[in-house]
Amino acid sequence: MELNRIEGLLSRYEEGETTLAEEKELREYFITEEIPDHLETYALLFKFQSQQIKTTFKESEPLKLEGKNYRFAWTSIAAVIIVALGLFYFNQPQPSLTTSEMSSVTEQEQALEKTKQTLKMVSAMMNEGTADLVYLQEFNKTKNQIIELN
């Protein structure tokens, strides 16, 4: 008769309809009684639950965080700040020009000036990158001379 009751409790447990007292009864049954073969999987479940109830969290153990998490967080924050500043900068109202100023400076001339400035900046950055190549070429020359001597 007890096996029928346990099987009924298990079916109610699977449906989520058991009370805490009934679940405690199931845990006690699977810990203390001899269990039929077809209920062995439930025995593992309830034994694990009874062990987990006894464990407690110790606050004295500090949590270890990896440095990569901080790098990712700071990178994300920097990206958000850059996007916000970009939106703020490009949404600024442009100063209105008078008709005489409009006639002297056209949109095409402004675009040409901006393009020139951008190309100068790109050129300067590329020249900085090629400055280190001079040292590499000198190193290769010296290396080749040493190899020829041997």
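Residues numbered from 1 in each chain as written. Predicted model: local features only at pLDDT ≥ 70, side-chain atom pairs only at ≥ 80, totals over all residues. Heavy atoms only, no water.

Participant: I'd love a proper account of the overall build of the protein, names of residues and values included.
Facilitator: Secondary structure summary: the protein contains six helices and zero strands in total. Element order for the protein, N to C, with α for helix and β for strand: α-α-α-α-α-α. Counting every position in the protein, which comprises 150 residues, the buried fraction comes to 11%. Put simply, of all contacts in the protein between residues at least 6 apart along the chain, 34% involve residues at least 24 apart. For the protein, the computed accessible surface area is about 13,800 Å², with 60% contributed by carbon and sulfur atoms. (Helix = DSSP H or I, 4+ residues; strand = E, 2+ residues; numbered from the N terminus. Buried < 20%, exposed > 50% of the residue type's maximum accessible area, 1.4 Å probe, protein only. Contact = heavy atoms within 4.5 Å. Areas by Shrake-Rupley, 256 points an atom, 1.4 Å probe, with all protein chains shown as cover.)

Participant: Explain the pattern of salt bridges to me, and be specific about the residues and the numbers.
Facilitator: If you walk through the whole model with that rule in mind, you get two salt bridges. Taking the shortest distance from any N to any O, the salt bridge between Arg5 and Glu25 comes out at 2.9 Å. With a gap of 20 residues between them, Arg5 in helix α1 (residues 2–15) and Glu25 in helix α2 (residues 20–32) connect regions that are remote in the sequence. On the basis of relative accessibility, which here comes to 44%, the residue Arg5 falls in the partly exposed class. Residue classification places Glu25 among the partly exposed positions, given a relative accessible area of 27%. (Salt bridge = Lys/Arg side-chain N within 4 Å of Asp/Glu carboxyl O.)

Participant: Explain the nonpolar core to me, using residue names and the numbers behind them.
Facilitator: One recurring pattern in soluble globular proteins: nonpolar side chains tend to sit buried together. Within the largest apolar cluster, 11 residues are counted, these being Ile6, Leu9, Leu10, Leu26, Tyr29, Phe30, Ile35, Leu39, Tyr42, Ala43 and Phe46. Contributions of two or more residues to this core are made by α1, α2 and α3 (40–54). Sequence-distant contacts of Leu26, that is, excluding residues within four places in its chain, are made with Ile6, Leu9, Leu10, Tyr13 and Phe46. (Core = buried A, V, L, I, M, F, W, Y, C linked by side-chain atoms within 4.5 Å.)

Participant: Describe in detail the confidence of the model for the protein, supporting the description with residues and values.
Facilitator: Low pLDDT marks regions whose predicted coordinates should not be analysed in detail. Per-residue pLDDT for the protein has a mean of 78; in total, 79% of the residues score no lower than 70. Within the protein, the lowest mean pLDDT, 58, falls on helix α5 (residues 99–104), and the highest, 85, falls on α1. (pLDDT = per-residue confidence, 0-100.)

Participant: So what about α3? Which residues, and what values?
Facilitator: Along its 15 residues, α3 runs 22 Å from first to last C-alpha, staying within 8% of the 21 Å computed at 1.5 Å per residue. Within α3, the full set of buried residues consists of Tyr42, Ala43, Phe46, Gln49 and Ser50. The buried residues of α3 occupy one face: seen down the axis, they fall within an arc of 130°. Counted as exposed and oriented over 90 degrees from the buried face of α3: Thr41, Leu44 and Gln51. (Expected span 1.5 Å × (residues − 1). Arc of directions from axis to C-beta.)

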